[in-house]
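Residue-level structure breakdown
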Amino acid sequence: MGKIMKYLGEFKASAIAVVLLLILQAYCDLALPSYTSDIVDVGIEQGGIENAVPDLMREETMEGICLLAGEEAAVLLRESYVQNDEGNYELRARDEETIEALDGIIKAQVLSQIQEEVSDMIADQMAIMFVKAEYEALGVDVEAIQTRYLLKTGGKMLLMTILMMAAAIAVGFLAARVSAGIGMRLRKRVFRKVVSFSHAEMDGFSTASLITRSTNDIQQVQMVSVMLLRMVCYAPILGIGGIMKVIHTKTGMGWIIIVAVGVILLLVGTLVGIAMPKFKLMQTLVDKLNLVSREILTGIPVIRAFSREKYEEKRFDKANRDLMSTQIFTNRVMTFMMPVMMLVMNAITVAIVWFGAEGIDAGRLQIGDMMAFITYSMQIVMSFLMLTMVSIMLPRAGVAAERIEEVLCTEPVILDKEKVLDDEVEGKGVIAFEHVHFCYPGAEEDALSDISFVARPGETTAIIGSTGCGKSTLLHLIPRFYDVTGGRITFDGIDIRELSQSKLRSLLGFVPQKGVLFSGTIESNIKFAGEERVSDDAMKEAASIAQAAEFIESKKETYLSPIAQGGSNVSGGQKQRLSIARAIAGKPKVFLFDDSFSALDYKTDAVLRRALYEKIADATMIIVAQRISTILHADQIIVLEEGRIAGMGTHEQLLGTCPAYQEIAKSQLSESELRGGMS
């Protein structure tokens, strides 16, 4: 709840405006029952006569009242009325204090004519009958008075209704705008934070979980924000206002409201206490369902190849059923709320009618007052009903907010230093590993140990080794996807940790093992480094070097040809060549190829490497490869074995000195090629 309120605090002006509008809406809402009571009690039962003070009085009536009222009261009466040309007295004093005093004087004289004690309500009715009789004696149209009162009071009710409607519409508009703003800002923050994550943080949050947190969780917060502004803020205003109105009705039935509120609070507290743990579990199960769905959808070719459709259906069904059973439990718990609330409301109505009827029969209560009391009671209960409706959603939104904050509060382990040495980089492209060690977070052993070598401009450094020996890990240390845990990596003699990440990566051209393309066009993918960095000529040259120009120009729209999400509308080899072209187009000082030629046939591989050596001969190239044929002519080959350097040199040198390299070579090269290399 506190986190959601923090998000709302960013829209203080709109939130304050909403509260003010809700106060206006509640004021109008609470005023309507009073007007309804007045229409019934005054407009219908009293004929529109509001008090015992007549606007017009005969001379003999005035004299009779003054005679019995006493000297001080008589003076007030004569000062408050003025005699007209016909000899009758017209009321000229209209202030509330004088009217109240006159009402008491006239009522006392009316009651003095009967010998028994009566209740205040009966006294009021007798005084009204006196005024009505006086009007009839003077020939005043009593029906016109009633009609005028009904129209006046009805007009006020209509005005209040219009104001209430306008306030409600304005609240809805502002609440929707605030909640949409909260959603937009949260998505923006989460996205920025996730983009800043290193591989270590990404490993801590699954992709499916981050997607859920960026969509479903933020949607939960957004939805509850609307409810908080429209209901949770309105409910206390309406409830407190209703209680104050109930107190002023003086019906003696306030205990009914106290009992009802107590029952409601007990109910809500019990149900929320039972459901809260399940709401926390529900978000975890949504993560799991998204994870299973993502794995199945992305792995459909493999699933079909191994005929595992039935197994995956069962796996999805289990995740789906786990979520369903939790949702059913929480829904069943919460379904008790509405029927019990309706029972409480109906019980309140019955109790008010029962005890109110006794009051009416005893002359202590009017019908309009009882109607108003019922309406106020329903408003009080409805305010709690609003809170209970939100309480169903609030626990889940609270969990969602915690999950969002978990992402936002996660600080990346790889950060730029306050003072960076970007201006001191010469841009030659000399990469040096100096006794580098690296251990994955949570791992017991180093993935890389004591790695030292230098990759120079104009030379190709190749890294080869068995699966899992740390080749890709080594390459990922250069762009700081991970930071070394020991030793250091330098770029032109400067520790890469002394450079900003943006500067470092602008000097590198990285081609991942799995070609990654983005939805758009071929042009947008090759120019991914930015339109300002990559011209059309540079784009075409990069495509030519990457051996992609031929298949691009065979397409009808050439470089404007669409690329589907994930590059699903191009082959694996085409995807890899476009990834290579993207790296070349940025004209970096250092190229990092993470087994980026594996999807290419031998002919294309050879032509592409020849073009690379010819066109970008002044750049530093570091190639991770599985095939020896890809790195035969490398200036320096580093052989990794269990995270350590097992050998370093040219192809010919390693064939003679490195057993690990010889083993790899024997598995891939023919006898003649081996002999040729050894000679």
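A brief report on the enclosed structure follows. (Residues numbered from 1 in each chain as written. Predicted model: local features only at pLDDT ≥ 70, side-chain atom pairs only at ≥ 80, totals over all residues. Heavy atoms only, no water.)

1. So, the side chain of K575
Put simply, the rule is: Going along the chain from the N terminus, every DSSP run of H or I of four or more residues is numbered as a helix, and every run of E of two or more is numbered as a strand. Burial here depends on accessible area, computed with a 1.4 Å probe over protein chains only, as a share of the maximum for the residue type. Under 20% is buried, over 50% is exposed, and the range in between is partly exposed. By the convention used here, residues are in contact when the closest approach between their heavy atoms is within 4.5 Å.
Within the secondary structure layout, K575 lies in helix α21 (residues 572-585). For K575, a relative accessible area of 17% puts it in the buried group. If sequence neighbours within four positions are ignored, K575 has contacts with G515, L517, G566, G567 and V570.

2. Here's the deal with the sheet that holds strand β4 (residues 431-438)
For clarity, the threshold we go by: In this scheme, strands are said to pair when DSSP sees at least two bridges between them.
Pairing within the open sheet is antiparallel, and its 4 strands lie in the order β5-β4-β7-β8. The open sheet has two edge strands, β5 (448-455) and β8 (494-495), and neither has a second partner. As paired elements, β4 and strand β7 (residues 486-491) share 5 bridges and run antiparallel to each other. Counterpart to H437 in the pairing with β7 is G486.

3. Here we look at unusual backbone geometry
Excluding glycine, residues mostly have negative phi values, and the peptide bonds linking residues are mostly trans. Despite not being glycine, D450 shows a phi value in the positive range, around 50°. One can find D450 in strand β5. The backbone of Q547 shows a phi angle near 60°, a positive value even though the residue is not glycine. Inspection of the secondary structure assignment puts Q547 in the loop between α19 (536-545) and α20 (549-553). A residue is classified by how much of its surface remains accessible, and Q547, at 24% relative accessible area, is partly exposed.

4. What about the packing of aromatic side chains?
The following threshold applies: Any two rings among Phe, Tyr and Trp, with Trp reduced to its six-membered ring, count as a pair given centres within 6.5 Å; such a pair is stacked if its planes are under 30 degrees apart, edge-to-face if over 60, and tilted if neither. Throughout this description, the term charge over a ring refers to an Arg CZ or Lys NZ atom that lies within 6 Å of the ring centre and within 35 degrees of the ring normal.
Throughout the structure, instances matching the rule amount to 7 aromatic pairs. Judged by centre distance (4.6 Å) and plane angle (15°), the rings of F433 and F453 are stacked. Taken together, the residues F433 in strand β4 and F453 in strand β5 connect sequence positions 20 residues apart. Pair check on accessibility: F433 and F453 agree, each one buried. When the centroid spacing of 4.9 Å and the interplanar angle of 80° are considered together, the rings of F438 and Y440 count as edge-to-face. By relative accessible area, Y440 is classed as partly exposed at 29%. Aromatic rings pair up to connect F438, Y440 and Y482 into one cluster. The side chain of R308 reaches across the aromatic face of Y311, ending 4.3 Å from its centre.

5. Describing helix α3 (residues 59-69)
Note the following rule: What the arc covers is the set of directions going from the helix axis to the C-beta atoms.
All of the buried residues along α3 are T61, M62, I65 and C66. Projection of α3 onto a plane perpendicular to its axis shows the buried side chains occupying an angular sector of 130°, all on one side. The exposed residues of α3 that point more than 90 degrees off its buried face are E60, L67 and L68. Of the residues trailing α3, G70 is marked for its positive phi of about 100°.

6. Some details on the pairing of β4
As defined by bridge partners, β4 adjoins β5 across 5 bridges and the pair is classed as antiparallel. Each bridged residue has a counterpart across the sheet, and for A432 the counterpart in β5 is V454.

7. Description of the pairing of strand β15 (residues 644-649)
Two elements, strand β14 (residues 636-641) and β15, share 5 bridges in a ladder whose sense is antiparallel. If you follow I637 over to β15, its bridge partner there is G649. Between the antiparallel neighbours β14 and β15 lie 2 residues, among them E642 with a positive phi of about 55°.

8. Focus: the pattern of salt bridges
Rules: Salt bridge, as used here: a side-chain nitrogen of Lys or Arg that lies within 4 Å of a carboxyl oxygen of Asp or Glu.
Under the definition given, this model contains 17 salt bridges. The partner of R480 in a salt bridge is D483, and the shortest N-O contact between them spans 2.8 Å. Judged by relative accessible area, which is 3%, R480 ranks as buried. One salt-bridge network, held together by shared partners, links R58, E60 and E134.

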